[in-house]
Amino acid sequence: MQVRVATYNVRGLRDSAAALTRVITSLRADVLCVQEAPRLVRWRARRQALAAAAGLRVATPGRVGGVAVLTGPRVAVLHAETHPLRVFAGLEARGLAVAVVQAERARLAVGSLHLDLNDPARVHHAAEAMAIMERAAARFGAAIVVGGDLNEQAHQPAWRFLAGRLADCYAAAPQGDGPTFTARHPAVRIDGVFAARETQVVSCGRAEAQGADLAAASDHLPVVAELRVGV
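These notes cover the structure that comes with them. Predicted model, so just to flag it, every value in this text is computed and none were measured. Along each chain, residue indices are assigned from 1 in the same order as the chain's sequence is written. Local features are withheld for residues below a pLDDT of 70 in this predicted model, meaning they are given only at 70 or higher, and side-chain atom pairs are given and counted only at 80 or more; totals for whole chains, interfaces and linings count all residues. The basis for every side-chain value is the complete set of heavy atoms in the structure, and neither hydrogens nor water enter the calculation.

Some details on the overall build of the chain
Then comes step 1: Labels follow the DSSP assignment, with helices taken as runs of H or I lasting at least four residues and strands as runs of E lasting at least two, numbered in each case from the N terminus. Helix and strand content of the chain: six helices and 13 strands.
Then comes step 2: As defined in this context, the radius of gyration uses C-alpha atoms, and a globule is described by 2.2 Å times the residue total to the power 0.38. Here the chain has a C-alpha radius of gyration of 16 Å; the compact-globule value for 231 residues is 17 Å, and the two agree.
Then comes step 3: Taking the principal axes of the C-alpha coordinates as reference, the chain spans close to 40 × 40 × 35 Å.
Then comes step 4: Three labels apply to residues, based on accessible area from a 1.4 Å probe with only protein chains included: buried if under 20% of the type maximum, exposed if over 50%, partly exposed otherwise in between. For the chain, buried positions account for 56% of its 231 residues.
Then comes step 5: Across the chain, contacts joining residues at least 24 apart in sequence account for 70% of those joining residues at least 6 apart.
Then comes step 6: In this tally, Lys and Arg are treated as positive and Asp and Glu as negative; His is ignored, and so are the chain termini. The atoms used to mark charge sites are NZ of Lys, CZ of Arg, CG of Asp and CD of Glu. One way to put it: in the chain the 27 positive side-chain charges average out to a point 5 Å from where the 20 negative ones average out. Two residues qualify as a contact provided that any one of their heavy atoms is within 4.5 Å of a heavy atom in the partner residue.

Next up, the structure:
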């Protein structure tokens, strides 16, 4: 079974809503990990409207950390939860959104994560999030997938921590250019999808969207991974 899992920092919907909808639709994602989802005024309605416009639905509850998991019609949501992560004084509150989904006989525990600009906080939250993901995956017999804006690059500690436990999907099967930030002038790869090693990464790269839409939709580029799960 092949499943498409994507990650996208949507910058609080502060950019072109029409372009953002077109980009998300172009991902053709079965599961979409979102960072900087609305979390203030009318946050629930705005998240639902974004999802519906792209043919998806909001799977995870709560607004902590501005993270969410959206799902498409090909997958069933078995369980969903949102966890606050450890609070560091003076830093923004962070969270992890988790949805356990099933596509035919394949099960995935998918987490959306947005790490801080602070180095120690990123490392701590990556480890904390991985422990939560491992518990969810074990409970449902699912393979772990994490998508997120890590705010660091592949040579840095939090990224290396996740890539040591999961496969960095772009590194495993790259498709196209890797940089994800900024959307207008991509220079660094700070967004990624990581998958359990029992999955097979078929491909991983950018959206098949118009460049003008990508530049107008957010300051980040999305990443989409095609995964083969199970037999």
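Focus: the layout of surface pockets
Then comes step 1: Considering only enclosed or pocket space, the largest pocket measures out at about 270 Å³ in volume.
Then comes step 2: G12, R14, E36, R39 and E92 are the residues nearest the centre of the largest pocket, which is lined by 15 residues in total. As defined here, a cavity is a set of points on a 1 Å grid over the protein atoms alone where a 1.4 Å probe fits but cannot get out. A pocket is an open set with protein on both sides within 12 Å along at least five of seven lines, and residues line them when an atom is within 4 Å of a point. Grid points are joined across faces, edges and corners, and a volume is the space filled by probe spheres set on the points.

With respect to the environment of V202
Then comes step 1: Within the fold, V202 resides in strand β12 (residues 200-205).
Then comes step 2: In sequence terms V202 and V101 are 101 residues apart; their C-alpha atoms lie 19 Å from each other.
Then comes step 3: Contact partners of V202, with chain neighbours within four places excluded, come to Q2, A173, E226 and R228.

Considerations on the side chain of S203
Then comes step 1: Locating S203 in the fold gives a position in strand β12.
Then comes step 2: Take S203: its relative accessible area is 16%, and that puts it in the buried class.
Then comes step 3: Beyond its immediate stretch of four places on either side in the chain, S203 contacts A173, Q175, V224, A225 and E226.

Quick word on the sheet that holds strand β10 (residues 174-175)
Then comes step 1: Strand pairing follows a simple DSSP-based rule, namely that at least 2 bridges must link the two strands. Taken in spatial order, the seven strands line up as β3-β4-β2-β1-β13-β12-β10 in an open sheet, and their pairing is mixed. Strands with a single pairing partner mark the edges of an open sheet, and in this sheet they are β3 (57-58) and β10.
Then comes step 2: Direction of pairing for β3 relative to strand β4 (residues 68-71): antiparallel, over a ladder of two bridges. Note that in β4 the partner of V58 across the bridge is L70.
Then comes step 3: Against the sheet, helix α1 (residues 17-27) makes contact with β1 (2-9), β2 (31-35) and β13 (223-228), and its axis sits at roughly 155° relative to β1, the strand it touches most. Whenever a helix is involved, its axis is fitted only over the stretch in contact; in every case the axis is a line through C-alpha atoms, and angles between N-to-C directions fall within 0 to 180 degrees.

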